[in-house]
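# What the coordinates show
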Amino acid sequence: MLPSHRSVKVAMETLPAPVPIDRWIPRFVLDRIFCGYYVFQLISTPLLDMQGTLPTWLYPSWMRAFFTHHLETWRDPWLADTRAHPWYFGIVFWEYLVQMPFFFVASYAYYKGAQASPWIRIPVIMYCTQTITAVTGIIFMALFEDFNDYTALAPTSTFQRLKLAFIYSFFLVISFLNLYDTLFSKVYLGPSPQAPGTPVTPMTEEERNKREMKTQHED
């Protein structure tokens, strides 16, 4: 027998409320972490991800050398041969087509602070849920994929698989923290109401007259 709607509602009300992450980490520190993450994305996306999809002649030699060093260090087979993996190509294409403009906006928002930029909440939720979904699949591929038939650089040992999963885990962890923060922190509700005992700014004569006229009209 399925539980009734009322019993489910009562059970949900008895659950403890999620604790906002800014109870554990100061708000200023969180804003700087998220701002730094989106600035990092602004740099790493054109420096690394785009090189896997765009012609090499668009990049100077030092950028191509850095890209090669990155591939050899982490042995990322999907970035090394993006066009051979359409699912990964789609993720990268979405990143620099849609997410690159968002990285500018998010960097600015968290530079100003979440409480001063509550409008960033919904865009961050959309970005984080998409990133968590995509990166979780990539991590599982890194850990369990059969790389024997891969022609590009690929992990050849358990340690190399863990290294590849680790570098993608960075994006997973920060996105999860950012999502949790936007869902449960009250700073995204906007500036705090005026605290009790705070001196009230007196109304001007014009504001007082408007209020009296409004009161008379309602009566």
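Below you will find a few notes about this structure. Everything quoted here is computed from the prediction, not taken from an experiment. (Residues numbered from 1 in each chain as written. Predicted model: local features only at pLDDT ≥ 70, side-chain atom pairs only at ≥ 80, totals over all residues. Heavy atoms only, no water.)

### Brief notes about the overall build of the chain
Cut-off, in case you're wondering: Secondary structure is summarised from DSSP: a helix means a run of H or I of at least four residues, a strand means a run of E of at least two, and numbering begins at the N terminus for each. Partly exposed residues are those whose accessible area sits between 20% and 50% of the maximum for their type, while under 20% is buried and over 50% is exposed, using a 1.4 Å probe and protein chains only. Between two residues, a contact is recorded if the distance between any of their heavy atoms is within 4.5 Å. Each accessible area is a Shrake-Rupley result for a 1.4 Å probe, and residues are judged covered by the shown protein chains and nothing else.
Counting its secondary structure elements, the chain contains eight helices and zero strands. Starting at the N terminus and ending at the C terminus, the chain contains elements arranged as α-α-α-α-α-α-α-α. The buried share of the chain, taken over its 219 residues, is 35%. Contacts spanning at least 24 positions in sequence make up 72% of the contacts within the chain whose residues lie at least 6 apart. When the accessible surface of the chain is summed, it comes to about 14300 Å², and 67% of that surface belongs to carbon and sulfur atoms.

### Quick look at a nonpolar patch on the surface
We count it as follows: Here, patches come from residues exposed beyond 30% relative accessible area and free of salt bridges, joined within 9 Å for like charges and within 5 Å for nonpolar side chains (Val, Leu, Ile, Met, Phe, Trp, Tyr). Salt bridges are defined by distance alone: a side-chain nitrogen of Lys or Arg within 4 Å of a carboxyl oxygen of Asp or Glu.
On the surface, Phe93, Trp94, Leu97 and Val98 cluster together into a nonpolar patch covering about 370 Å² of accessible area. Secondary-structure assignment places Val98 in helix H5 (residues 86–112). On the basis of relative accessibility, which here comes to 36%, the residue Val98 falls in the partly exposed class.

### Examining the nonpolar core
To keep it simple, the criterion reads: Here, the term nonpolar core denotes a set of buried Ala, Val, Leu, Ile, Met, Phe, Trp, Tyr and Cys residues that are joined through side-chain atoms within 4.5 Å.
Tyr38, Trp78, Phe102, Tyr110 and Tyr168 are the most contacted members of the largest nonpolar core, which totals 46 residues. For this core, the secondary structure elements donating two or more residues are helix H2 (27–47), helix H3 (61–74), helix H4 (77–80), H5, helix H6 (121–144) and helix H7 (158–184). Residue contributions to this core peak at nine residues, all from H6. Beyond its immediate stretch of four places on either side in the chain, Tyr110 contacts Asp31, Arg32, Phe34, Cys35, Tyr38, Ile120, Val124, Asn178, Thr182 and Tyr188.

### Some remarks on the packing of H6 against H7
The condition that has to hold: Orientation is described by lines fitted to C-alpha atoms, with helices fitted over the stretch in contact, and by angles between N-to-C directions that extend from 0 to 180 degrees. The cut-offs work like this: below 35 degrees is roughly parallel, past 145 is roughly antiparallel, 65 to 115 is roughly perpendicular, and the gaps in between are oblique. The hand of a helix crossing depends on one turn: near helix anticlockwise from the far one by less than a right angle means left-handed, and clockwise means right-handed. Gly counts as polar in this scheme, as do all residues outside two lists: the nonpolar Ala, Val, Leu, Ile, Met, Phe, Trp, Tyr, Cys and Pro, and the charged Asp, Glu, Lys and Arg.
Between H6 and H7, whose axes approach to 8 Å, the crossing angle comes to 155°. With respect to H7, the axis of H6 lies roughly antiparallel. Along this stretch, H6 crosses H7, giving a crossing that reads as left-handed. In terms of residue class, the contact of H6 with H7 is made up of 21 nonpolar, seven polar and two charged.

### Observations regarding the packing of H2 against H5
Relative to each other, H2 and H5 sit at 150°, their axes nearing to 8 Å. The angle between H2 and H5 places the two elements in the roughly antiparallel class. Like other packed secondary-structure pairs, H2 and H5 cross with a definite hand, here left-handed. Listed contacts from H5 to Asp31, Arg32, Phe34, Cys35, Tyr38, Val39, Gln41, Leu42, Thr45 and Pro46 of H2 are Glu95, Tyr96, Met100, Phe102, Phe103, Phe104, Ala106, Ser107, Tyr110 and Tyr111. For the contact of H2 with H5, a count of residues per class yields 14 nonpolar, three polar and three charged.

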